[in-house]
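Observations on the three-dimensional arrangement
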Amino acid sequence: MRLQDEAIFFERARKGAALFVLFFLAIFVFAPLGRLLRETEEVIAGILDPQVLSAIRVSLFQAVVSSTLSVVGGLILTLLLTRARTYEKFASLLWSIPFSIPTLVAVYFWLQIIFFLNEFGFSARPSLFWIITAHVAFNIPFAALLLTQARMKISETELEAARTLGAGRWVLWKSFIFSQMRPAFFIALLQIYMMCMMSFALVLLLGGGPPNETLELGIYKALRAGQLDMDRAVAFALLQMILIAIPGAFIMPHLLKKSFSWSQAKRILPIEGEKRHGKIFGMLLIFISALLSLPYLFTSLSGIRYFFSESEFLFRELLRPTLISIGLSTATMVVSLTLATLSVFALQQRSKINQWVMTWGALPGAISPLTLGLGLWLLTSDFFDPFLGQPVFIVLLMSLQFLPLALRWLWEADQRDTKNLYGTARVLGANPFQAFWVSKWISWRSSLLWTGALIFSASFGELAAVSLFYSESLVPLSLQMSRWMGRYAFWKADAAAAMMILFSLAGLIAASRLAKSQPWGWRRG
Amino acid sequence: MRHFIINSLIIFSTVFVVGCKKSTDPTLLKVLTHDSMLGEGSLGELLKKEFETQTGAKLEYLNSGDAAQMVTRLELDAKRGQASAHVVLGLDDSLWARAKPLTESWQDWKPDQWNATREFVRIDEDGFLPYDYSVFAFMADRTLLKKWNLESPERYKDLLRPEWKGRFVLEDPRTSTPGLGFLRATHSVFQGEELSNFWKSLSEQWWALSPGWSAAYGIFLKEQAALVWSYTTSEAYHRAHGDTKKRYVAVKLKDPHPIQVEGAAIVKGSLQTEAQRKWAREFLTLLLSEKIQNALPEKNWMFPVRGDVKLPESFQDVPSPTLLPTKWQEDALLNDWQKWIAK
């Protein structure tokens, strides 16, 4: 193929990919949202409903408090890491563990804590306190990762110069360190706020029922629990979109543009004068990080014993939901990665249409799967019975939920410092595929493997999308586990949690064996 | 590019259509029911066996989750004009007002043994076939009562006492029929502001307001609460399962107790042939047969609706409290309740 023909072919292919992604998003994101927005009178009618007002208050309160405490906790860990002379890689590895923990497993851990406290006479019971505690503990490592990445980008030379000129610790912190970390601080704050607003399984199982109900839970209850109340569901969904969209509009473009890459970051040098007690701070850092990450693993892996002692249960009750989950998670991973790959392929060429791909591709991250699911429900319930079980909708909702994450990591992989190599290969006569293979594939392969493994793990524990479109013949492991937890059949939930963690870990171990770096850039070896 | 878009459309349409299978077997009776009627050793299993032996037709269950979801399913089916089942099994008196317009009138037909049923379970003379009932009540764990120095409550208002904080579990009346029963019971005892104040205070007291009975009972059996809102017949279950020391007992209050009547009905517009109507009616008749009514107490842990059925030994000590009437209207009450407990 001549160079000119080749260029035309690739230009067309990129345009095609962009149009496909936009077409997909238009059908499965904008059409459902548009259908919801047609019901705006429901919001006006529903906003004065005390139950809706109560859900707004609870949602906002728990999301604001949880995100603030999480980011403050993350900042403390970042400061500890700055003071520690060693262990930062180990700490960051511990912080990445909650990424691979299905939310349900974390919820299960906190329920066990409530029961444990109750047995010792502390009169603990599900409440708003436990919702916030679980959110904070689960999100501190995430905040710490984001903040440390930002801290690592601060120039040590600049800091050293300021120190030489007599800047004290407070001035250094205020004028140099925090001022440069501020964007990351607010991005972490807003992102965790959004995740807490959209939190479903955790609020459902740790809230103890009304009055601790959020807008997200309201959508679910209006649709799938008790009497079908479409008007109320729409009111909850639209209000939630408004409360998420405002900060979401700030955060999403930043998340895609800002590159928080460990590969670009440097090792933090301890500030002169802060070198003392570095080991103690290091130990403290590891202790807190382990406390925030490892208990979930230990609690859930304890259920493995039932695989041996209750093999009949394993085959009769656990096998089918596990197989369904494997199917749904694999499909989700494939759809998400395909969409993200096509988007990144399209984004390699700058054009107006591709800017839309970037913005639209990030949008599903700011919409709760239940809200999107409600839109799909309204659009399609005349043709498809949601109560018969709609696996395609479940996969779609989960894929869209994870699309921004996949898009961001694959985009970063594509942008790593390989342009020269790619250009050189092209000059030497390699076609674009060959040039891509020798220059970018290694970085792409790692990102595809890690992102795929994380999407697979997260889909395994996803409950919101599943809760809308399940049927009794389509009950995946997450839903079955939440039912067992709801019925307090704990040994069964134990076994389900162990199964979930085993699959998550298997995916991550496979990715770590095959990939050479993590999508957040922390390189092996 | 045009081909690409058209192909994508075809693929997506195909994938969606796959999720929309329909069965039109004329020898099949489809029965929509909820979780607790199904499974090994359940009443549903016995019914299927008896029905298929007696009629030669096939019976297939469609599981809808819980009773309220079952009615939602009927409503969606009616909206689409496509009934997915011929008979609905497991409706109760609280859902009947919603379900009645979606079910078929019996006209001049009445099942055999209709007159053998207790009068208070006949909540409607047309369309609703009652097959079992029970009385709602608190189940108490006497071991926990002793451990926490608690006395069984005598009236609903006793739950507001400080010593009961975090010691009992209730169900959400929006999603659970026992929960709705409890709301009805309090409505019969308290009036006006007294009722709203009772619920406002109660919302600070419970361990959890569970979405359903099974979750609430699980918390109770996990020894997290000394009381759970359940049925008097739960005591019979424990007695039959080896609780000879009477650790779990139903609490007879001085206030009236609500009851729950479960029934079945034929789905409107679902029957295509007279043979199907015959089978649907035979299925309803089977529910009142001696064999099923005798099996009911220790399968569903409810009372049979026929007064001439002898109860098993496990039911002998079940208390008989004062009962609330069965016919009532819950819509306004539920809306008010949501205001009372909002934060």
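Residues numbered from 1 in each chain as written. Chains lettered and ligands numbered in written order. Predicted model: local features only at pLDDT ≥ 70, side-chain atom pairs only at ≥ 80, totals over all residues. Heavy atoms only, no water.

A short note on the side chain of Ser399(A)
The following threshold applies: Going along the chain from the N terminus, every DSSP run of H or I of four or more residues is numbered as a helix, and every run of E of two or more is numbered as a strand. We call two residues in contact when some of their heavy atoms are within 4.5 Å.
Within the secondary structure, Ser399(A) sits in helix α17 (residues 391–415). When neighbours within four sequence positions are excluded, Ser399(A) is seen to be in contact with Thr332(A), Val335(A) and Ser336(A).

Observations concerning helix α7 (residues 192–202) of chain B
Heads up, the condition is: Note on exposure labels: buried denotes an accessible area under 20% of the residue type's maximum, exposed denotes more than 50%, and partly exposed covers the range between, all computed with a 1.4 Å probe on protein chains only. Here, the arc refers to the directions that run from the helix axis to the C-beta atoms.
Among all positions of α7(B), only Leu195(B), Ser196(B), Phe198(B), Trp199(B) and Leu202(B) are buried. For α7(B), the angular spread of buried residues about the axis comes to 155 degrees, placing them on one side.

Topic: the interface of chain A and chain B
We apply this condition: Buried area adds together the accessible area that both of two parts lose upon being put together, with accessible area traced by a 1.4 Å probe. Basic side-chain nitrogens of Lys or Arg form a salt bridge, by our definition, when they fall within 4 Å of a carboxyl oxygen of Asp or Glu. What qualifies as a polar contact is a pair of N or O atoms within 3.5 Å, subject to a donor-acceptor requirement within protein and to the restriction that residues adjacent in sequence count only when both atoms come from side chains. Throughout this entry, Asp, Glu, Lys and Arg are counted as charged residues, while Ala, Val, Leu, Ile, Met, Phe, Trp, Tyr, Cys and Pro are counted as nonpolar. The remaining residues, Gly among them, count as polar.
The interface of chain A with chain B comprises 55 residues on the first partner and 48 residues on the second. Each partner contributes to the roughly 4,600 Å² buried at the junction of chain A and chain B, and carbon and sulfur atoms together form 58% of this total. Three residues, Arg125(A), Pro210(A) and Phe387(A), lead the burial of chain A against chain B; their summed loss comes to 14% of the area buried on that side. The interface formed by chain A and chain B contains two salt bridges. When the shortest N-O distance is used, the salt bridge between Arg174(B) and Glu213(A) registers 2.9 Å. Along the contact surface separating chain A from chain B lie eight residue pairs in polar contact (both at pLDDT 80 or more). Those elements giving two or more residues to the side of chain A that touches chain B turn out to be α1 (3–37), α3 (50–83), α5 (103–119), α10 (215–224) and α17 of chain A. Tallying contributions element by element places α1(A) first for the side of chain A that touches chain B, with eight residues. Classifying every residue of the side of chain A that touches chain B gives 28 nonpolar, 13 polar and 14 charged.

Looking at the confidence of the model for chain A
All names here are of chain A. How we decide: On a range of 0 to 100, pLDDT expresses the predictor's confidence in each residue.
When pLDDT is averaged across chain A, the result is 80; 88% of the residues are at 70 or more. Averaged pLDDT values over the elements of chain A bottom out at 67 in helix α2 (residues 40–46) and peak at 90 in α3. Across residues 259–265, where pLDDT falls below 50, the model places 26 contacts with residues more than four positions away in sequence or in other chains. Low pLDDT, under 50, characterises residues 520–525; the stretch is placed with 22 contacts to residues that sit more than four places away or in other chains.

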